[in-house]
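# Structure at a glance
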Amino acid sequence: MSETIKRDRVLDLFFRAMKGESLSVQDLANEYEVSTRSISRDITDLKAFLSEHADVIGYTELVFDGHTRTYHLELENFISNKELLAMVKVLIGARPFNQKELLTLINKLKAHTSRQDRKKLEGLILKEIYNYPQINADCDSVIDRCWQLTEYIYDKRIISIDYIKIDRTYVKHRILPLSIMFTEYYYYLIAYEVDDTDGDVESVRSRDGHKVYSFIGSGLDVPHYFRVDRIIDIISHRGHYHLSRSQEFDESVLRQRSQFMWPGELQVIRFEFTGPSVQAVLDRLPTAKIINYSHGVYTIDATVYGDGIIMYLLSQGSWVKVLSPESLVERMKEEIGKIKDLYD
């Protein structure tokens, strides 16, 4: 019986240390109503266990702090309290989930902190959670919907979705789901749209008893973006899809070139910037390069995809002057004219 109690006590010490709690021999002896010698032996056993299993759990060591006279766990494969706080701040700032989903995630993350750090974390984020401005979603759960779509993407499954457009009308799309991305508060499904009446579909082979279809039409040249929170229903078809290498989608390229996930053509733009922080522009436009600087004016080139770049450039006000292409210059003039008319 005593061996069982000792084993349970050592396991309890391990989990408490893993959550970031500092272990005091004297305090633990008082708590468990045993001698300090017993607690010291427990810690010695625990240190030996961590050393013997380093090949499985990685570098993990109980380290004694002479200043506080406590032991704490140093490990490389677990989230530290400072990392946890940073992650929670990102979740709150990004606003990807409703308040219930956010609280569930934060509570699960908090379970990996010590009692003291848990109170500290709760105090730091209390007001932000209470006043959390959640994004209203049309689907029941963004997390569930993302995972459902991820399975279809992995399985290369042809699906149909019921979708609410920006003008709040309902439409159906038959699509080939390619990827899920997060940006500007929302998760997006990237997909090719296909039509049942297209004559550009070939049945190539059988996989798991289902046909695999190869889509060879021009409709697959441009991917479509669908906000995940607006997908209210999904129907999975029996067929799988196959894409050629040229049809495969690269999320990293889209993330670098697209602003606000707004569709449009690929273009190389040039503009002047006179604002206080050119670094903010370079951070916002990963493809941007400074090609000249003179008397406080930066000349910048960037390769961008879609019309979202117009929204971004307009947000910079008089700090930006577009130089090329001419089509973009004209569109900027047109939008600026419309803005001016609103105030005349």
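See above for the structure.
Described in the following lines is the structure provided in the data block.

Conventions we followed
Residues numbered from 1 in each chain as written. Predicted model: local features only at pLDDT ≥ 70, side-chain atom pairs only at ≥ 80, totals over all residues. Heavy atoms only, no water. Helix = DSSP H or I, 4+ residues; strand = E, 2+ residues; numbered from the N terminus. Areas by Shrake-Rupley, 256 points an atom, 1.4 Å probe, with all protein chains shown as cover. Buried < 20%, exposed > 50% of the residue type's maximum accessible area, 1.4 Å probe, protein only. Arc of directions from axis to C-beta. Phe/Tyr/Trp six-rings, centres within 6.5 Å; stacked < 30°, edge-to-face > 60°. Lys NZ or Arg CZ within 6 Å of the ring centre and 35° of its normal. Core = buried A, V, L, I, M, F, W, Y, C linked by side-chain atoms within 4.5 Å. Contact = heavy atoms within 4.5 Å. Pairing = 2+ DSSP bridges. Axes fitted to C-alpha atoms, helices over the stretch in contact; angles between N-to-C directions. Parallel < 35°, antiparallel > 145°, perpendicular 65-115°, else oblique. Left-handed = near helix turned anticlockwise from the far one by under 90°. Nonpolar A, V, L, I, M, F, W, Y, C, P; charged D, E, K, R; others polar. 1 Å grid on protein atoms, 1.4 Å probe; cavity = no way out; pocket = protein on both sides within 12 Å on 5 of 7 lines; lining within 4 Å. Points joined across faces, edges and corners; volume = space filled by probe spheres on them. Expected span 1.5 Å × (residues − 1).

The helix and strand inventory of the protein chain stands at twelve helices and 13 strands. Per element, the accessible surface of the protein chain, about 20900 Å² overall, is 52% carbon and sulfur.

What follows is about helix H2 (residues 25-32). The complete set of buried residues in H2 reads Val25, Leu28 and Ala29. Burial along H2 is one-sided: seen end-on, the buried residues are contained in an arc of 105 degrees. Structural note: H2 exposes Asp27 and Asn30 on the side pointing more than 90 degrees away from its buried face. Phi for Glu33, located one or two positions after H2, is positive at around 60 degrees.

The final tally for this structure, using the stated rule, is nine aromatic pairs. A ring pair is formed by Tyr163 and Phe226, whose centres lie 5.2 Å apart and whose planes are at 85 degrees; its orientation type is edge-to-face. Here the residue Tyr163 occupies a position in strand S3 (residues 157-164), and Phe226 occupies one in strand S8 (residues 224-227), the gap between them amounting to 63 residues. Comparing Tyr163 with Phe226, the two get one shared label, buried. Clustering of aromatic rings is evident, with ring pairs tying together Phe97, Phe182 and Tyr187. Stacked on the ring of Tyr185, the Lys or Arg Arg95 has its end atom at 4.9 Å from the ring centre. Here Arg227 stacks its cationic end above the ring of Tyr186, 3.6 Å away from the centre of that ring.

Core analysis: the biggest nonpolar cluster contains 20 residues, and Ile269, Phe271, Phe273, Ile300, Ile309, Leu313 and Val322 have the highest contact counts within it. Taken together, the elements giving at least two residues each to this core come down to strand S10 (266-273), helix H10 (278-284), strand S12 (297-305), helix H11 (308-315), strand S13 (320-324) and helix H12 (326-343). Ignoring sequence-local partners within four residues, the contact set of Val322 consists of Arg270, Phe271, Leu313, Leu328, Val329 and Met332. In this structure, Tyr152, Ile153, Tyr163 and Leu189 belong to the second largest nonpolar core, which totals 16 residues.

Right, let's get into the sheet that holds S12. If you trace the four strands from one edge of the open sheet to the other, you get S11-S12-S10-S13, paired in antiparallel fashion. Whereas interior strands pair on both sides, the edge strands pair on one side only; in this sheet they are strand S11 (289-294) and S13. Adjacent strand axes in the sheet meet at a mean angle of 25 degrees, parallel and antiparallel pairs treated alike. Summarising the sheet, S11 and S12 pair through five bridges and their orientation is antiparallel. Of the residues in S12, the one forming a bridge with Lys289 is Asp301. Strand contacts of H11: S10, S12 and S13, with the helix running at about 5 degrees to S10, the strand carrying the most contacts. This element, H12, spans S10 and S13 of the sheet and lies at about 145 degrees to S13.

The next subject is the packing of helix H1 (residues 2-18) against helix H3 (residues 36-52). For the pair H1 and H3, interaxial distance at closest approach is 10 Å and the crossing angle is 65 degrees. Between H1 and H3, the interaxial angle falls into the category roughly perpendicular. The element H1 and its partner H3 pack so that their crossing is right-handed. Only Ser38, Ile39, Arg41, Asp42, Asp45, Leu46 and Leu50 of H3 make contact with H1, whose side of the interface consists of Lys6, Arg9, Val10, Leu13 and Phe14. Per-class residue counts for the contact of H1 with H3 are six nonpolar, one polar and five charged.

With that out of the way, let us pick up the environment of Lys100. You can see Lys100 is positioned in helix H6 (residues 99-110). Residue classification places Lys100 among the exposed positions, given a relative accessible area of 68%. Sequence spacing of Lys100 and Ser141 is 41 residues, and the spatial spacing of their C-alpha atoms is 9.8 Å.

Time to look at the layout of surface pockets. If a probe as big as a water molecule is rolled over the atoms, it shows which places are left empty. Within this model, the largest pocket holds a volume of roughly 570 Å³. Around the largest pocket, the lining comprises 20 residues; the ones closest to its centre are Tyr163, Tyr225, Met261, Trp262 and Pro263. Those elements that provide at least two residues to the lining of the largest pocket are strand S5 (186-193) and S8. Taken together, the residues that form the lining of the largest pocket break down as 13 nonpolar, two polar and five charged.

Bringing H1 into the picture now. End to end, H1 covers 24 Å across 17 residues, agreeing with the expected 24 Å (1.5 Å per residue, within 8%). The first or second residue beyond H1 is Gly20, which carries a positive phi of 100 degrees.

Take it as geometry only, folks, not as evidence of what the structure does.
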